[in-house]
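Coordinates in review
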Amino acid sequence: MTPAQPLDVQPTPLALLLLGREADPKSERGVECPGDLPSPSDPDLVERARAAKARLGDKVFVLGHHYQRDEVIQFADVTGDSFKLAREAAARPEAEYIVFCGVHFMAESADILTADNQEVVLPDLAAGCSMADMATAEQVAECWDVLTEAGVAELTVPVSYMNSSADIKAFTGRHGGTICTSSNAKRALDWAFEQGEKVLFLPDQHLGRNTAVRDMGMSLEDCVVYNPHKPGGGVSAEELRAAKMILWRGHCSVHGRFSLESVRDVRERIPGVNVLVHPECKNEVVAAADFVGSTEYIIKALEAAPAGSKWAIGTELNLVRRLANRFADEDKEIVFLDRTVCFCSTMNRIDLPHLVWALESLADGKTVNRIQVDPETEKFAKLALERMLALP
C-alpha cells in the first residue's frame, strides 16, 4: 500500500493571521468576544470541554461545520454543511442551547429555524463570512431600485445563497424569492424561472454563473454582474433587460483563489489525478475540473472512490486535510488543489479556548454570544427558507 502523500502547501500572509486572537475588520461582525478566554496553551482544554459538555448533558447540542478545526470538530454532535446543521438544530427541540461552531450567518439560520425558547450560541462573534459581507441590506435595496428604474424588477426573482445574512434572506422572502444551497441551486433556479423571467442571484457570482452555464445550458452572455461599488451597479439598463442572470459581485475568499493554473499544475505533478472542486470556484476552474459539487458531494465522492485513486480537492484546507487522513489507510491519495494554504480565516476563529469558554459559561447558567434575529427579519427570512424546503 502506498502511503498518502503529505499536502504540499505553503503558508500565505492570510494563513498566518493569529486566528481567534485578533479581530478581523473585514469579518461579518468584526468584534471581539467579551469575557476572559482560557489560555490556548492550557493542557487541560480538551478535558475542560468534555467536562462542561457532560455537565450540560442533553441541554446542549453542538454543531460543527466541515471547515472547522479538528480540535473543535471532535466535540460536535453533528457535522455537516451550513443548511444541514441548521436543520439538525431545528430537529432537536429538547436542546436548550445550540452551540454553533461555524460562522455568523449559519448561527442566524439556526436561530430562524429553531424554537423561541432555544438559544443559539456562536463561540466567537468575530466568526463572520467575507462572502456574506459582500451584500448588505442597503446595497441590495439600492440594486432593486436600479432594477426598478430599468423596468425589470417585476420580472426578476431573487435567489439568495445560504451564505448570506438574515437581512438578505429577509429581502429575498419579501420579494418572492427563495434560498438555495450549493446542492440544490439548479432546483432553486428552475423554480425561480417558473416565477419570472430573470434572477437576481446573491451574493456569490460564481455559484450563480456555474449553475446557470454548467447545469442549465445558459451562456456566459446571459449573465451580467452587478457591482454594488459602482454607480448603477456598473451595468446599463439595456444590459439588465437582456440578461437572464443578474449576478451579485460577491465571492468566497477561499474558493475564489483557486485558478486554472492550479488545475494545470496539479495535473502535471500527479498524472491521472481527479480534480474535484466546489461550485463556488471560478467558472474556468469548474470547467477544467473532472467533478464539481457541494461539500457533502465532495465527501461522498471520496467515500465511493476506489483504492489507489488520486484526487486534488478545491475546497477549504481543514476539510481536505481531514479527508486525506481519513482515507490514508485506503490508499487514496488526496491533495489540496493549490500549493498555498487556504484556510477560511473567519471559520477558524472558532478555536478550543472559545468553545471551552462558551460551554463552561452555559454550564454555569450564563448564556454568552447568543445570536438572535429580530422578529420582522425572521418572518421574511423564514418565508424564503420555507420556499426552499418546499422545492421539488
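Residues numbered from 1 in each chain as written. Predicted model: local features only at pLDDT ≥ 70, side-chain atom pairs only at ≥ 80, totals over all residues. Heavy atoms only, no water.

A short note on the overall build of the chain
Short version of the rule: Helix numbers and strand numbers start at the N terminus; a helix is a DSSP run of H or I with at least 4 residues, a strand a run of E with at least 2. Radius of gyration here uses only the C-alpha atoms, and the compact-globule reference equals 2.2 Å multiplied by the residue count raised to the power 0.38. Exposed residues in this analysis have more than 50% of their type's maximum accessible area, buried residues have under 20%, and partly exposed residues fall in between, with area computed by a 1.4 Å probe over protein chains only. Two residues form a contact once any of their heavy atoms are found within 4.5 Å. Every accessible area reported is derived by Shrake-Rupley at a probe size of 1.4 Å, with residue values counting cover from the shown protein chains alone. Residues counted as positive are Lys and Arg, residues counted as negative are Asp and Glu, and His and the chain ends are not counted. Think of each charge as sitting on NZ of Lys, CZ of Arg, CG of Asp or CD of Glu.
When helices and strands are counted, the chain shows 16 helices and 13 strands. Relative to the globule expectation of 21 Å for 392 residues, the C-alpha radius of gyration of the chain, 21 Å, shows essentially globular dimensions. Counting across all 392 residues of the chain, residues that qualify as buried make up 59%. Across the chain, contacts joining residues at least 24 apart in sequence account for 70% of those joining residues at least 6 apart. Of the roughly 16,100 Å² that the chain leaves accessible, carbon and sulfur atoms contribute 48%. Measuring between centres, the 41 positive side-chain charges of the chain sit 3 Å from its 59 negative side-chain charges.

What to know about the confidence of the model for the chain
For the record, the criterion: Residue-level confidence of the predictor is summarised by pLDDT, bounded by 0 at the bottom and 100 at the top.
Looking at the chain, pLDDT values average 90 and 91% of them are 70 or higher. In the predicted structure, residues 9–33 sits below a pLDDT of 50 and forms 64 contacts with residues beyond four places in sequence or in another chain.

A closer look at a negative patch on the surface
The condition is simple: Think of a patch as exposed residues, more than 30% relative accessible area, with no salt bridge, where like charges cluster within 9 Å and nonpolar side chains (Val, Leu, Ile, Met, Phe, Trp, Tyr) cluster within 5 Å. Salt-bridge detection follows one rule: a side-chain nitrogen of Lys or Arg within 4 Å of a carboxyl oxygen of Asp or Glu.
A surface patch of like charges, here negative, comprises Glu138, Asp167, Asp374 and Glu376. Locating Glu138 in the fold gives a position in helix H6 (residues 137–149). For Glu138, a relative accessible area of 61% corresponds to the exposed category.

Details of the sheet that holds strand E5 (residues 156–161)
In a beta sheet, neighbouring strands pair by backbone hydrogen bonds and run either parallel or antiparallel. Counted only if it meets this: Between any two strands, pairing holds if DSSP finds at least two bridges. Axis definition: a line fit to C-alpha positions, over the contact stretch in the case of helices; interaxial angles, taken between N-to-C directions, run 0 to 180 degrees.
A sheet is described by the order of its strands in space; here 5 strands give the open sequence E6-E5-E7-E9-E8, paired in parallel fashion. Strands with a single pairing partner mark the edges of an open sheet, and in this sheet they are strand E6 (178–180) and strand E8 (223–226). With strand direction ignored, the average angle separating the axes of adjacent strands in the sheet is 25°. This element, helix H9 (residues 205–215), spans E5, E6, strand E7 (198–202), E8 and strand E9 (245–248) of the sheet and lies at about 155° to E9.

Section: the nonpolar core
Our working rule: Here the nonpolar core consists of buried residues drawn from Ala, Val, Leu, Ile, Met, Phe, Trp, Tyr and Cys, with membership extended through side-chain atoms lying within 4.5 Å.
Counting 111 residues, the largest nonpolar core has Val99, Phe201, Met245, Val277, Ile334 and Leu359 as the members making the most contacts within it. Ranked by residue count, the leading element in this core is helix H15 (residues 352–363), at 7 residues. In terms of nonpolar packing, the next biggest core, distinct from the first, is built from 20 residues, Val146, Ala153, Ile246 and Trp248 among them.

Remarks on the packing of helix H1 (residues 45–56) against H15
Selection rule: Roughly parallel refers to an angle under 35 degrees, roughly antiparallel to one over 145, roughly perpendicular to one between 65 and 115, and oblique to any angle outside these ranges. It is the rotation of the near helix from the far one that decides the hand of a crossing: anticlockwise by less than a right angle makes it left-handed, clockwise makes it right-handed. Each residue receives one of three labels: charged for Asp, Glu, Lys and Arg, nonpolar for Ala, Val, Leu, Ile, Met, Phe, Trp, Tyr, Cys and Pro, and polar for the others, Gly being one of them.
Viewed as axis vectors pointing N to C, H1 and H15 meet at an angle of 30°, and their least axial separation amounts to 9 Å. Judged by the angle between their axes, H1 and H15 are roughly parallel. Between H1 and H15 lies a crossing whose hand is left-handed. Listed contacts from H15 to Leu45, Val46, Arg48, Ala49, Ala52, Arg55 and Leu56 of H1 are Leu352, Pro353, Val356, Leu359, Glu360, Leu362 and Ala363. Tallied by class, residues from the contact of H1 with H15 come to 11 nonpolar, no polar and 3 charged.

A word on the pattern of salt bridges
Scanning the model with the defined rule gives 17 salt bridges in all. Two residues, Asp77 and Lys53, come together in a salt bridge whose shortest N-O distance is 2.8 Å. Of this pair, Asp77 sits in the loop between helix H2 (70–73) and strand E2 (78–80) while Lys53 sits in helix H1; the two residues are 24 residues apart in sequence, bridging distant segments of the chain. Among the residues examined, Asp77 registers a relative accessible area of 37% and is labelled partly exposed.

Some thoughts on the side chain of Thr315
Locating Thr315 in the fold gives a position in the loop between strand E12 (310–314) and helix H14 (317–326). Residue Thr315 is classed as buried on the basis of its relative accessible area of 0%. Not counting the four nearest positions on each side in its chain, Thr315 is found in contact with Tyr67, Val254, His255, Phe258, His278, Ile298, Val320 and Phe336.

Here's the deal with the state of the cysteines
One covalent bond between the sulfur atoms of two cysteine residues makes up a disulfide. Rules: Any two cysteine sulfur atoms within 2.5 Å of one another count as a disulfide.
Following the criterion strictly, the structure yields 0 disulfides and no others. Here Cys180 is not cross-linked by a disulfide; its sulfur's nearest cysteine counterpart is in Cys129, at 14 Å. Judged by its relative accessible area of 0%, Cys180 falls in the buried class. Here Cys252 stays unpaired: no disulfide links it, and the sulfur of Cys344, its closest cysteine neighbor, is 6.5 Å away.

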